[in-house]
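What follows is each chain in one-letter form.
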Amino acid sequence: MASQNDLEKFAKKRESMGICFIGNRKFKRFIDEYIEPREGSLIDVESRQVLGSHRGIHHYTIGQRVAVNNEHQHRGPFYVASKETRNQIIYVAHGHEHPSLYAESLLTGGPHWISSSPDGLDRGDQVECSFRFQHMHKLIRCRVQKENDGLKVTLVQPLRAIAPGQFAVFYQDDECLGSARIVQVGPSLMQQNCDRPIIDSDKVLYKYSRC
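A brief report on the enclosed structure follows. (Residues numbered from 1 in each chain as written. Predicted model: local features only at pLDDT ≥ 70, side-chain atom pairs only at ≥ 80, totals over all residues. Heavy atoms only, no water.)

1. Focus on the pattern of salt bridges
By the definition in use, this model includes four salt bridges. Across the pair Asp119 and Arg123 runs a salt bridge, and its minimum N-O distance is 3.7 Å. Arg123 matches Asp119 in its accessibility class, with the two residues each being exposed. One salt bridge in this structure joins Asp122 and Lys146, with 3.8 Å as the shortest N-O distance. (Salt bridge = Lys/Arg side-chain N within 4 Å of Asp/Glu carboxyl O. Buried < 20%, exposed > 50% of the residue type's maximum accessible area, 1.4 Å probe, protein only.)

So, in structure tokens, the structure goes:
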């Protein structure tokens, strides 16, 4: 887009992945100035075994790889599956594609529509459209319906590491309809007792057993 508008200086500029206003400081040090670190446990989501400890759940996001104690590292990588704020517990899952990391439904807060709400939504109808929660992800088809003051979103296929606090963005073809803040995710495929998802060649579609 920048190149199309003769803004070559900006088109060639490296994309920033950090938070520009904190400077060269490490993010963990920055955030600890505002949120008091509290230690907690890293617990295996399946066995409920304690695998290590952490210095604050605000340092971790859903789906992020996490370091466990040395005696458990031979099992391979672990990832954040869920967080329990009250007890400072982080539940971790073994393997990048563990079913506890995948969900196919979510609830949002009140939506913000760019023009007006999709036709039929206010009458209680289900509306089919496309969804994404990270700008680098491909669009996924979904069904949306009103639930209380927010939305219930059901995806046609499960996605990895959707987290409360992120924004669900909705599209109809190339048109962005609007967005809503995610307030609840799941149940996960593990909670539904579904098989581990298998990524196919294009790393978007998943095959799993529905429950």
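2. Some points on the side chain of Gln88
By the element assignment, Gln88 lies in the loop between β4 (78–84) and β5 (89–94). Overall, Gln88 belongs to the buried group, its relative accessible area being 7%. Setting aside residues no more than four positions away along its own chain, Gln88 makes contact with Arg38, Glu39, Gly40, Ser41, His54, Gly56 and Ile57. (Helix = DSSP H or I, 4+ residues; strand = E, 2+ residues; numbered from the N terminus. Contact = heavy atoms within 4.5 Å.)

3. Here we look at the nonpolar core
Judged by nonpolar contacts, the single largest core of 19 residues is most densely connected at Phe131, Cys142, Val144, Val153 and Phe170. Elements with a minimum of two residues in this core: β8 (127–132), β9 (140–147), β10 (150–160), β11 (167–172) and β12 (175–185). Sorting elements by how many residues they give to this core places β10 first, with four residues. Sequence-distant contacts of Cys142, that is, excluding residues within four places in its chain, are made with Val127, Glu128, Cys129, Ser130, Phe131, Val153, Thr154, Leu155, Val156 and Phe170. Core analysis: the next-biggest nonpolar cluster, separate from the first, contains 13 residues, Leu42, Leu51, Ile62 and Ala161 among them. (Core = buried A, V, L, I, M, F, W, Y, C linked by side-chain atoms within 4.5 Å.)

4. Digging into unusual backbone geometry
Excluding glycine, a negative phi dihedral is what most residues carry, and trans is how most peptide bonds are arranged. In this structure, Pro187 follows Gly186 across a cis peptide bond, with omega equal to 15 degrees. Mapping Pro187 onto the fold places it in the loop between β12 and β13 (198–199). A positive phi is found at Arg48, a non-glycine position, where the angle reads about 65 degrees. Its place among the elements puts Arg48 in the loop between β1 (40–44) and β2 (50–54). The backbone of Gln88 sits at a positive phi, close to 55 degrees, despite the residue not being glycine.

5. A look at the packing of aromatic side chains
The tally for this structure, following the rule as stated, stands at three aromatic pairs. The interplanar angle of 45 degrees and the centroid separation of 6.0 Å between the aromatic rings of Trp113 and Phe170 together place this pair among those described as tilted. Taken as a pair, Trp113 in strand β7 (residues 112–113) and Phe170 in strand β11 lie far apart in primary sequence, 57 residues in all. The buried category is assigned to Phe170, whose relative accessible area is 0%. (Phe/Tyr/Trp six-rings, centres within 6.5 Å; stacked < 30°, edge-to-face > 60°.)

6. Here's the deal with the environment of Lys146
Along the chain, the position of Lys146 falls in strand β9. Placed 20 residues apart in sequence, Lys146 and Gln126 show a C-alpha to C-alpha distance of 8.0 Å. Residues within four places of Lys146 in sequence aside, it is in contact with Leu121, Asp122 and Leu151.

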